[in-house]
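Structural characterization, general
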Amino acid sequence: MASDRSPQGTSVRSAAAQLGPPAKSNVSNGSEITFESTRFRQVLGHFCTGVAVVTALQRGQPIGLTVQSFASVSLVPPLVSFCPSKSSSSWPRIKASGAFCVNILKDAQEAVSRAFAAKDGDRFFNVSWRRTPETGSPLLEDALAWVDCRFQDQHDAGDHVIVVGRVVGLGAMEQGWPLLFYRGGYGHFTGPR
Ligand SMILES: Cc1cc2nc3c(=O)[nH]c(=O)nc-3n(C[C@H](O)[C@H](O)[C@H](O)COP(=O)(O)O)c2cc1C
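Residues numbered from 1 in each chain as written. Predicted model: local features only at pLDDT ≥ 70, side-chain atom pairs only at ≥ 80, totals over all residues.

**Comments concerning the pairing of strand β12 (residues 160-172)**
Alignment of strand β7 (residues 79-82) against β12, held across 4 bridges, turns out to be antiparallel. By the bridge assignment, V80 is partnered in β12 with G165. In this sheet, β12 lies alongside strand β11 (residues 145-157) in antiparallel orientation, the contact comprising 12 bridges. When the sheet's bridge partners are listed, R150 is paired in β12 with R166. Where β11 folds back on β12, the antiparallel hairpin that results is connected by 2 residues, among which G158 adopts a positive phi of roughly 65°. (Pairing = 2+ DSSP bridges. Helix = DSSP H or I, 4+ residues; strand = E, 2+ residues; numbered from the N terminus.)

What follows is the structure, encoded as structure tokens:
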């Protein structure tokens, strides 16, 4: 949830080449062990993830942010999670709506990922969406898959929170490949071996 999320380029190779020198700030885990925060991000960035946009509708206004921290948690009952930063401006509003939809992006949706991670601008500009049948949260056009949730729980986790959602609806495209994020850059899955 805290790996390097600042896209440095359009390919995994260029992102890897752009890893800079470590920052001055240290991270302490509460014991004697300390390490550079940049080192933490650099190493954790080796865990390749998909990319999702978590959306909600609050008082008729669509809200959304890009996340890579989405995970499947439990089958019975069906639970998923994601980890918004405590500095997220969207999360308190999503929580207030009581529900959210996790839109898993496909490889052609890099621009959507960038738009929903941007600080400025209308994130829904140029993005078509409709309401999910169960919670009415925004389902983005062309999403590879979607998981519609009711807010279930929130756990404190350092500078982030762990959000647990109860899955009440879901769907997926028959075809398509996911957008990937690895070492601070976007990439594509070329198919199973
Ligand atoms: C690929 C990618 C993955 C991201 N994953 C997360 C995440 O899991 N949690 C998080 O808090 N921010 C994540 N971010 C950063 C947020 O999208 C970004 O900080 C956004 O501006 C937050 O908006 P908000 O303040 O409206 O919540 C990610 C960004 C990118 C590009």
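Picking up where we left off.
**Digging into the sheet that holds β7**
Read across the sheet, 7 strands follow the order β5-β4-β8-β11-β12-β7-β6 without closing on themselves; strand pairing throughout is antiparallel. Every interior strand has two partners, whereas the edge strands, β5 (61-67) and β6 (71-74), have only one. The mean angle between the axes of side-by-side strands here comes to 35°, regardless of whether they run parallel or antiparallel. Inspection of the sheet shows strand β4 (residues 52-58) paired to β5 by 7 bridges, in the antiparallel sense. Pairing of V53 across the sheet is with T66, part of β5. (Axes fitted to C-alpha atoms, helices over the stretch in contact; angles between N-to-C directions.)

**Topic: the nonpolar core**
Residues A52, V53, V54, F100, V102 and L105 are the most contacted members of the largest nonpolar core, which totals 36 residues. In contact with F100, other than residues within four places in its own chain, are V54, T55, A56, I94, S137, C149, F151 and G165. (Core = buried A, V, L, I, M, F, W, Y, C linked by C-beta atoms within 7 Å. Buried ≥ 20, exposed ≤ 12 C-beta atoms within 10 Å, placed from the backbone. Contact = placed C-beta atoms within 7 Å.)

**So, the site of the ligand**
By nearness alone, 20 residues border the ligand, and V67, S69, S85, S88 and S90 come closest of all. Listed by contribution, the elements that provide at least two residues to the shell around the ligand are β5 and α3 (90-97). Taken together, the residues of the shell around the ligand sort by class into 10 nonpolar, 8 polar and 2 charged. (Near = placed C-beta within 6 Å. Nonpolar A, V, L, I, M, F, W, Y, C, P; charged D, E, K, R; others polar.)

**Considerations on the sheet that holds strand β14 (residues 185-188)**
The strands making up a sheet associate through backbone hydrogen bonding, with each pair oriented either parallel or antiparallel. One open sheet accounts for 3 strands, arranged β3-β13-β14; its pairing is antiparallel. At either end of the open sheet lies a strand with only one pairing partner, and these are β3 (49-50) and β14. Taken together, the 2 bridges between β3 and strand β13 (residues 179-182) define a ladder with antiparallel strand orientation. Among the inter-strand pairings, T49 is bridged to a residue of β13, identified as F181.

None of the figures reported here should be taken as evidence of function without further support.
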